[in-house]
Amino acid sequence: MFVGARSMAAEASFGAADAAGRSIPLSRIISICAAGLSILVALGPPSAVVLSAYMEQGAASRFEGHAIARQVTEIVAASPDSWSHRHLNLMEALMAVDAELSPQQVRMIRSLQGDVLARVSPSPDASVAWPSLRNTVPIYDQGEVVGDVVLIDGMRAQVLSAGLVAVVSLIVALLVFTLLRVLPLRMLRRATSRASWLASHDPLTGLANRTLFAEKLREALARARRDGSSVALIGVDLDHFKEVNDTLGHAAGDQLLCQVADRLRANIRQSDVLARFGGDEFVILQTQARQPENAQSLAGRLSGLLAEPFQLDGHQVVIGGSLGIALGERGNRDGARLMQQADLAMYQAKEDGRGGFRFYDASMNERLQRRKALENDLRQALAEGQFSLVFQPQVQLVNGTREHRITGAEALLRWKHPVTGNMPPDQFIPLAEQTNLILPIGEWVLREACRTAVAWPEALTVAVNVSTVQFRQPGFVALVERVLAETGLPGRRLELEITESIMVADTAESVATMSRLRSLGIKLAMDDFGTGYSSLGYLRQFKFDKIKIDKSFIQHLGEQGESEAIVRAVVGMSHAMGVQSNAEGVETEHQSQMLLEEGCTEMQGYLFGRPMSATAFAELIDSKPGLAVTPTSEPEPALADAARAAPRTVAAPS
């Protein structure tokens, strides 16, 4: 496509087709039209002047000739001898019609035999120079032609005037030709040049696009094969670009991309090629350099530059970038494969914590294959019903630490893989979010949790985690409303747990969604408070019913003063705002006692019950009249360690 665009710009060869079906260049069509119009402009006015003069003079001459012929006829009729004897009356009649003649006019009366009977001119020997206009009018005597009147008028003056007009017309014609040919062709060349540039460059940053980069890569690899050198591809992906777009808008995102392009452009060599592939992905082709040393040096330098703040209309933004490097050396000089390898290395850098760079190695391709296989298995799991839910009790402590009552349960998603067995949620939930499989999975979790909870006592609630992807779907509220109607679960018995990442972007839309959910009677809980983008502003702006303290703080109670301070602050803040607090991951009596002393009475964790099947949870409820449950002893160390390691699912955290 890029080569075709350049050819179009160079030759301007698009246009119409001739009778033989061959393409006629548009430039030739423009030239022909301009030349034709210029010829009309050059010849039209002088031709019109000459023709007008001949017509005007001819009409006047014929009128005059007819007047003379009538008078001669009258004289001959009155005196027949006057004709044959050339009576003086003939001359007088002739002079009476046109007494004053110009030097270029001659009037004659001739007999039928052609003899000149009378002649009038400015001088006896006057003659009319070329060009001239000659008119002959017959003279009648009793209905028969007896002679004629000849009028000769010189047209030199009119022709000279037409010549002056022709000179002016020629000048105008040249101007017309210039305007109609040169300017359109110049505009055409500019348009085709612009089209060619757009076909090979990114219009926002001015960098090469994917098409041009692929051509440069082919050329570089061809040179590398000839001289035995190597090339390096460095893929660059911005780490937090989506957050900038969501919080500051797309205009700020475009401004950020331009600034990133400027930084990258300023730090590569003239022989390197920098391209933007779309979105926030850039790629650099490094040639004529020692590898891998130069690629590593450049990647490290660019990684540091991208970590420096950007200024966007008064906002300071820090994003960072993840870079992947693929080396085109002997035996690895296929362009498509190199680009894929750079992509794999770049995404590996993201998975390793972002903000750095990685070289491609074969194990990355193996991980990609495993990821694709896992994605296929995940789709099959949803279709074949391999998912299940377990429920972890949530309790309210009363009368100290020994007595508590079950208030509900949190639904947790589990997947029993047909080959590998039980798969930890942190291995498949992120992939489900990336592939949007979280939408049907999340809908299944919500429906199954509500269907199960409707059989519980009226006082119990069921908590379901909501993925960020799921929450931002336009039809999410309608889905929740439909599930409640289908299962018969009252909205007041459903609790949706929302992570703080949902509230970072689209604040107004998130507030509207949460308001609609609350109008259905649904309780809303801020999950994992303190581990993400925690802000008191969120608690003031978003109306939550509960704050869940992340288990990472609970696990270190009694061991780290910082954890105790954080728990004390969160519980105190929740009391001040009239919001209930919930502590996750409670495993020991000591932890529950400390939480109770701080004022946190709702808890969940292995101390009060491990995640269990719906049947086991129903039996637990039935075995404790009045929902009063006496806590068991502290879990064994191995069980406590397993509780710490148990990952949270986005759809339903453990």
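This text goes with the structure placed above it.
As the structure is a prediction and not an experimental result, all values here were calculated from the model.

S.K.: Give a detailed account of the nonpolar core, specifying residues and quantitative values.
M.R.: In this structure, Val462, Leu494, Leu496 and Phe617 are the most contacted members of the largest nonpolar core, which totals 72 residues. Broken down by element, the residue count for this core peaks at seven residues, all from helix H13 (residues 438-453). If you look at the next biggest cluster of nonpolar residues, it comprises 30 residues, including Ala261, Ile268, Leu305 and Ile319.

S.K.: Outline unusual backbone geometry, supporting the account with residue identities and numerical values.
M.R.: Omega for the peptide link from Gln291 to Pro292 comes to 10°, which places this bond in the cis form. Despite not being glycine, Asn436 shows a phi value in the positive range, around 65°. Mapped onto the elements of the fold, Asn436 is located in the loop between helix H12 (425-434) and H13.

S.K.: Got a sec to walk through the packing of aromatic side chains? Specific residues and values, please.
M.R.: The final tally for this structure, using the stated rule, is ten aromatic pairs. Where Phe387 meets Trp415, the ring centres are 5.8 Å apart and the plane angle is 50°; that geometry is what we call tilted. Of the two residues, Phe387 is situated in strand E12 (residues 387-398) and Trp415 in strand E13 (residues 403-417); the sequence distance between them amounts to 28 residues. With respect to burial, Phe387 and Trp415 carry one shared label: buried. Looking at Arg263, its charged tip hangs above the ring of Phe310, at a distance of 3.6 Å from the centre.

S.K.: Please give an account of H12 that cites residues and values.
M.R.: Here H12 has its buried residues at Pro425, Phe428, Ile429, Leu431 and Ala432. All buried residues of H12 project into a common sector of 165° when viewed along the axis, lining one side. If you follow the buried residues of H12, they end up packed against helix H11 (362-384), E12, E13, strand E14 (421-423) and H13. Where H12 ends, the next residue or the one after it, Asn436, has phi of about 65°, a positive value.

S.K.: I'd like a description of helix H8 (residues 250-266), backed by residues and values.
M.R.: An α-helix turns once per 3.6 residues; consequently, residues spaced three or four apart project the same way. Taking 1.5 Å per residue, 17 residues should reach 24 Å; H8 reaches 24 Å between its end C-alpha atoms and fits that length. Within H8, the full set of buried residues consists of Ala252, Gly253, Leu256, Leu257, Val260, Ala261, Arg263 and Leu264. Buried residues belonging to H8 abut strand E5 (231-238), helix H7 (241-248), strand E6 (273-278), strand E7 (281-286), helix H9 (293-307) and strand E8 (310-312).

S.K.: Quick one: what's the story with the pairing of strand E4 (residues 144-154), residue by residue and with numbers?
M.R.: A regular strand places its side chains on the two faces of the sheet in alternate fashion. Of all eleven residues in E4, nine are buried, a share of seventy percent or more. In terms of strand pairing, strand E1 (residues 105-111) meets E4 through seven bridges, oriented antiparallel. Along E4, the bridge assignment pairs Arg110 with Asp148. Inspection of the sheet shows strand E3 (residues 132-141) paired to E4 by ten bridges, in the antiparallel sense. Following the sheet pairing, Pro138 is matched in E4 by Asp148. Remark: two residues form the turn of the hairpin made by E3 and E4, two consecutive strands paired antiparallel; Gln142 in that turn has positive phi of roughly 55°.

S.K.: Explain the side chain of Gln392 to me, using residue names and the numbers behind them.
M.R.: With respect to the element layout, Gln392 can be found in strand E12. There is a polar contact of 3.3 Å between the side chain of Gln392 and the side chain of Gln604.

S.K.: I'd like to hear about the pattern of salt bridges, residue by residue, with values.
M.R.: All told, the structure shown has 22 salt bridges when counted by the stated rule. Between Arg358 and Asp352 there is a salt bridge, with its nearest N and O atoms 2.9 Å apart. Judged by relative accessible area, which is 41%, Asp352 ranks as partly exposed. The partner of Arg379 in a salt bridge is Glu375, with the nearest N and O atoms 2.9 Å apart. With Arg379 and Glu375 both in helix H11 and four residues apart, the pair spans about one turn of that helix. On the accessibility criterion, Glu375 (19% relative accessible area) is buried. When salt bridges with common partners are traced through the structure, they connect Glu410, Glu497, Lys548 and Glu584 into a single cluster.

The rules behind these values
- Residues numbered from 1 in each chain as written.
- Predicted model: local features only at pLDDT ≥ 70, side-chain atom pairs only at ≥ 80, totals over all residues.
- Heavy atoms only, no water.
- Core = buried A, V, L, I, M, F, W, Y, C linked by side-chain atoms within 4.5 Å.
- Buried < 20%, exposed > 50% of the residue type's maximum accessible area, 1.4 Å probe, protein only.
- Helix = DSSP H or I, 4+ residues; strand = E, 2+ residues; numbered from the N terminus.
- Phe/Tyr/Trp six-rings, centres within 6.5 Å; stacked < 30°, edge-to-face > 60°.
- Lys NZ or Arg CZ within 6 Å of the ring centre and 35° of its normal.
- Arc of directions from axis to C-beta.
- Contact = heavy atoms within 4.5 Å.
- Expected span 1.5 Å × (residues − 1).
- Pairing = 2+ DSSP bridges.
- Polar contact = N/O pair within 3.5 Å; in protein donor to acceptor, adjacent residues only side chain to side chain.
- Salt bridge = Lys/Arg side-chain N within 4 Å of Asp/Glu carboxyl O.

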